[in-house]
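Structural characterization, general
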Amino acid sequence: MPRTYLVTGAASGIGRATADLLRAQGHAVIGADVKDGDISADLSTDDGRTELVTRARELTGGRLDAVVSCAGIAHFDPLTVQVNHFGAVSTLEGLRPLLAAGTDPRALVVGSVDAVHPTDPAIVDAALAGDEQAAVAASQAAVDRGEGHLVYTSSKAAVSRWVRRAAVTADWAAAGIPLNAVAPGVVLTPMTRPLLDDPALRELVERSVPMPLHGHARPEQIAPLIAWLTSPENTHVTGQIVFADGGADAALRGDRGW
């Protein structure tokens with residue numbers, strides 16, 4: 001049966017591939033992005049987050065069957081935690097009432113295997129406390145001391161932990177809404193292209209995210225997993241960070257996570 005989806009970050013990369021797949025399956029998809037979307041909204045700002053929810057309500061008549069929060073950036077800048085964590089959480093919390101009115105509602109965040117890399121506890125703690133001002137300040141402090149790379153890993157770790165916490169609450173599990181995250185490894189998108197085109201940076205990426213199974217992924221190889229997790233067929237998977245990383249997490253952490 002056709003469903004109505006909202007996908008953020010739908011103009012490129014995994015978001016675009018997911019939106020394309022869902023449309024090919026016969027579903028209605030509302031794409032949101034900073035530009036070139038059915039909804040144009042900057043999720044690093046309160047105004048943009050409000051605009052997303054307002055326009056989604058207008059376009060759907062107040063009901064959605066699934067939300068895929070895919071919008072994300074990877075800058076050495078506090079903006080990264082504002083989009084990747086606070087933008088994603090605001091998207092899902094803001095659209096949850098629309099999901100509650102939908103049929104077999106599902107929700108998903110696109111995280112990253114980088115969430116298992118070193119993080120800045122000050123950024124993560126502030127994000128999980130919902131203190132955006134403190135998270136921005138901690139991110140700027142990391143940039144100022146030459147550790148800007150920690151802003152991205154911390155943003156993905158925080159949103160992954162938020163999924164684990166929120167998924168089993170009354171707003172989600174008790175309301176019949178599975179909430180999960182997909183954590184890709186290196187995916188060939190406009191965001192990663194500059195890294196992979198530079199031989200020295202490519203070597204660093206491949207060392208920090210080893211992918212023994214088939215190497216780097218294309219967005220089209222991640223989209224089917226997202227489609228299944230947000231489909232009615234997924235009745236019991238919730239609160240999970242599903243790694244679609246070619247074995248990177250297993251290679252990096254072995255069995256230490258168990």
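Check the entry above for the structure.
Residues numbered from 1 in each chain as written. Predicted model: local features only at pLDDT ≥ 70, side-chain atom pairs only at ≥ 80, totals over all residues. Heavy atoms only, no water.

1. Considerations on the pattern of salt bridges
The full count for this structure, using the stated rule, is twelve salt bridges. The shortest N-O distance in the salt bridge between D171 and R96 comes to 4.0 Å. Residue D171 is found in the loop between helix 6 (149-167) and strand 6 (179-184), and its partner R96 is found in helix 3 (residues 79-100); the two are separated by 75 residues along the sequence. Between R193 and D197 there is a salt bridge, and its shortest N-O distance comes to 3.8 Å. Residue R193 and its partner D197 are both found in helix 7 (residues 193-197); the two are separated by four residues, about one turn of the helix. Using a relative accessible area of 37% as the deciding quantity, one classes R193 as partly exposed. One connected set of salt bridges, linked through shared partners, spans D46, R49 and E132. (Salt bridge = Lys/Arg side-chain N within 4 Å of Asp/Glu carboxyl O. Helix = DSSP H or I, 4+ residues; strand = E, 2+ residues; numbered from the N terminus. Buried < 20%, exposed > 50% of the residue type's maximum accessible area, 1.4 Å probe, protein only.)

2. Some details on unusual backbone geometry
Positive phi, normally seen in glycine, also occurs at D104, with a value near 45°. Structurally, D104 is set in the loop between helix 3 and strand 5 (106-110). With a phi close to 70°, H214 is a non-glycine residue in the positive phi region. Relative to the helices and strands, H214 is located in the loop between helix 8 (199-208) and helix 9 (219-229). In this structure H214 comes out as exposed when scored by relative accessible area, which is 72%.

3. Overview of a nonpolar patch on the surface
Where nonpolar side chains cluster on the molecular surface, the patch consists of L195, L201 and L204 and spans about 230 Å² of accessible area. Mapping L195 onto the fold places it in helix 7. Residue L195 is classed as partly exposed on the basis of its relative accessible area of 37%. (Patch = residues over 30% accessible without salt bridge, like charges linked within 9 Å, V, L, I, M, F, W, Y side chains within 5 Å. Areas by Shrake-Rupley, 256 points an atom, 1.4 Å probe, with all protein chains shown as cover.)

4. Description of the packing of aromatic side chains
Tallying each qualifying case throughout the model produces one aromatic pair. With centroids separated by 6.5 Å and ring planes inclined at 85°, the aromatic side chains of W162 and W172 adopt a geometry described as edge-to-face. Highlighted residues: W162 in helix 6 and W172 in the loop between helix 6 and strand 6, separated in sequence by ten residues. For W172, a relative accessible area of 3% translates into the label buried. (Phe/Tyr/Trp six-rings, centres within 6.5 Å; stacked < 30°, edge-to-face > 60°.)

5. Some words on the side chain of R106
Positionally, R106 belongs in strand 5. Put simply, R106 is tucked away with no salt bridge, and the nearest opposite charge, on D104, sits 4.5 Å away. One polar contact links the side chain of R106 to the main-chain carbonyl oxygen of D104, over a distance of 3.3 Å. A distance of 2.9 Å separates a polar side-chain atom of R106 from the backbone oxygen of N234. (Lys, Arg positive; Asp, Glu negative; His and termini not counted. Polar contact = N/O pair within 3.5 Å; in protein donor to acceptor, adjacent residues only side chain to side chain.)

6. Points about the sheet that holds strand 2 (residues 28-33)
Read across the sheet, seven strands follow the order 3-2-1-4-5-6-7 without closing on themselves; strand pairing throughout is parallel. Looking at the sheet topology across the chains shown, the edges are occupied by strand 3 (39-40) and strand 7 (241-244). Judged from the five bridges that link them, strand 1 (residues 4-8) and strand 2 form a sheet pairing that is parallel. The residue bridging V7 from the neighbouring strand is G31, located in strand 2. On the sheet, helix 3 packs against strand 1, strand 4 (66-69), strand 5 and strand 6 and is oriented at approximately 175° with respect to strand 4. (Pairing = 2+ DSSP bridges. Contact = heavy atoms within 4.5 Å. Axes fitted to C-alpha atoms, helices over the stretch in contact; angles between N-to-C directions.)

7. Concerning the packing of helix 3 against helix 6
Helix 6 packs onto helix 3 with a crossing angle of 20° between their chain directions and a minimal axis gap of 7 Å. By the angle class used here, helix 3 and helix 6 are roughly parallel. For the pair helix 3 and helix 6, the crossing hand works out as right-handed. Contacts from T80, V81, N84, H85, A88, V89, L92 and E93 in helix 3 reach V151, Y152, S155, K156, A158, V159 and W162 in helix 6. Partitioning the contact of helix 3 with helix 6 into residue classes produces nine nonpolar, four polar and two charged. (Parallel < 35°, antiparallel > 145°, perpendicular 65-115°, else oblique. Left-handed = near helix turned anticlockwise from the far one by under 90°. Nonpolar A, V, L, I, M, F, W, Y, C, P; charged D, E, K, R; others polar.)

Taken by themselves, the reported measurements are silent on function.
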